[in-house]
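# A structural walkthrough
Listed below, chain by chain, are the residues.
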Amino acid sequence: MNKIYTKKGDKGKTSTFGGPMSKGDQLAVTLGTIDELNSWIGCCRSQIFNFQFSISNKFSINQFDKQLKNIQTNLMIINSILAGSKKYKFRGLEIKRLEILIDKLQEELPELKNFIYPVGFLQVARAVCRRAEREVVKLVTEVTSDKVTKQILKYINRLSDALFVMARYVNHQDGIPEEMWGNRRKKKD
């Protein structure tokens with residue numbers, strides 16, 4: 001078995017299919033942020049069977065886990081494409097799948113009229129997803145690259161929406177009330 005350490009990173013360098021670069025390069029930062037997002041989704045998957053919600057008539061815990069795994073697969077494909085792999089193509093169909101998921105879950109959720117406090121691992125994943133989106137946008141504007149497609153940008157944007165709705169769904173099914181922000185108490189004189 002090959003050793004996990006190469007010692008090449010000791011000087012702040014890393015490599016992709018495109019060759020060596022600084023670990024501070026925008027591509028390296030983007031790849032790392034998407035990897036962090038993928039890890040948070042893995043954390044959510046590790047907790048999914050600890051959720052207390054009963055199986056809904058529209059969405060089971062196993063289906064929920066399958067959705068999260070599919071998201072992880074897509075993030076691995078995106079990172080491979082961004083790193084310069086010619087083996088993978090990103091399919092726009094995955095954006096539509098997220099939209100279907102969002103619509104399906106929202107059917108069981110109360111309408112939102114205020115911002116809510118983020119609660120749970122899925123909300124952390126959503127926040128990291130928003131950061132990943134900013135990094136991808138920065139990569140697109142700083143680096144002229146065929147590797148970064150409009151489909152990837154759309155997917156990451158839609159993914160943050162999906163993670164938000166998934167977090168709300170889990171909390172709703174688990175009986176965790178949403179705490180609205182903006183309902184400030186009036187001070188008494």
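Below is a summary of the structure that appears in this document.

This part covers the overall build of the chain. A count of helical and extended segments in the chain gives 5 helices and 2 strands. A buried classification covers 38% of the 189 residues belonging to the chain. Within the chain, residue pairs in contact and separated by at least 24 positions form 78% of the contacts whose partners lie at least 6 positions apart.

Once that is clear, we can look at the pattern of salt bridges. Taken as a whole and judged by the stated rule, the model has 8 salt bridges. The partner of Glu94 in a salt bridge is Arg97, and the shortest N-O contact between them spans 3.0 Å. Residue Glu94 and its partner Arg97 are both found in helix α3 (residues 93–106); the two are separated by 3 residues, about one turn of the helix. A salt bridge links Glu178 to Arg168, with the nearest nitrogen and oxygen atoms 2.4 Å apart. Of the two residues, Glu178 sits in the segment after α5 (150–173) while Arg168 sits in helix α5, which places them 10 residues apart along the sequence. Members of the salt-bridge network, linked through shared partners, are Arg91, Glu94 and Arg97.

Further remarks concern the packing of aromatic side chains. This model, assessed by the stated rule, comprises 4 aromatic pairs. Relative to Tyr155, the ring of Phe90 has its centre 5.1 Å away and its plane inclined at 70 degrees; by these criteria the two rings are edge-to-face. Separated by 65 residues along the polypeptide, Phe90 in the loop between α2 (61–82) and α3 and Tyr155 in helix α5 bring together distant segments of the chain.

Attention shifts here to the side chain of Asp65. By the element assignment, Asp65 lies in helix α2. Every residue in contact with Asp65, bar those within four places of it in the chain, is listed here: Arg45, Ile48 and Phe49.

Contact geometry for helix α1 (residues 26–47) and helix α4 (residues 121–142): axes closest at 9 Å, N-to-C directions at 160 degrees. Taken together, the axes of α1 and α4 are roughly antiparallel relative to one another. Of the two possible hands of crossing, α1 and α4 adopt the one that is left-handed. Each residue belonging to the contact of α1 with α4 can be placed in one class, and the counts come to 17 nonpolar, 4 polar and 5 charged.

Inspection of the secondary structure puts Ile77 in helix α2. Taking the C-alpha atoms as reference, Ile77 lies 6.5 Å from Tyr88; in sequence the two are 11 residues apart. Residues in contact with Ile77, not counting those within four places in the same chain, are Tyr88, Lys89 and Phe90.

Between α3 and α5, the least distance of the axes is 9 Å, while the angle of their chain directions is 20 degrees. Considering their axes alone, α3 and α5 lie roughly parallel with respect to each other. The crossing of α3 and α5 is left-handed. Touching Glu94, Ile95, Leu98, Glu99, Leu101, Ile102, Leu105 and Gln106 of α3 are Gln151, Lys154, Tyr155, Arg158, Leu159, Asp161, Ala162, Val165, Met166 and Tyr169, all from α5. Of the residues contributing to the contact of α3 with α5, the split by class is 11 nonpolar, 2 polar and 5 charged.

About the cut-offs
Sequence positions are assigned chain by chain, starting from 1 and proceeding in written order. Residues qualify for local features only when their pLDDT is at least 70, as the model is predicted, and side-chain atom pairs are given and counted only at 80 or more; totals for whole chains, interfaces and linings, by contrast, use all residues. Side-chain figures throughout are based on the complete set of non-hydrogen atoms in the structure, without hydrogens or water. Every helix listed is a DSSP run of H or I at least four residues long, and every strand listed is a run of E at least two residues long, numbered separately from the N terminus. Accessible area is worked out with a 1.4 Å probe on protein chains only. A residue is then buried under 20% of its type maximum, exposed over 50%, and partly exposed in between. The contact rule is simple, with two residues in contact once any of their heavy atoms fall within 4.5 Å. By convention in these notes, a salt bridge is any Lys or Arg side-chain nitrogen within 4 Å of a carboxyl oxygen on Asp or Glu. Two aromatic rings, drawn from Phe, Tyr or Trp (for Trp, its six-membered ring), form a pair once their centres lie within 6.5 Å of each other, and the interplanar angle then sorts them: stacked below 30 degrees, edge-to-face above 60, tilted otherwise. Every axis in this analysis is a line fitted to C-alpha atoms, fitted for helices over the stretch in contact. Angles between the N-to-C directions lie between 0 and 180 degrees. Each angle receives one of four descriptions, namely roughly parallel if under 35 degrees, roughly antiparallel if over 145, roughly perpendicular if within 65 to 115, and oblique otherwise. Here is the rule for handedness: rotate from the far helix to the near one, and if that takes an anticlockwise turn smaller than a right angle the crossing is left-handed, while a clockwise turn gives right-handed. Note on residue categories: nonpolar means Ala, Val, Leu, Ile, Met, Phe, Trp, Tyr, Cys or Pro, charged means Asp, Glu, Lys or Arg, and polar means any other residue, Gly included.

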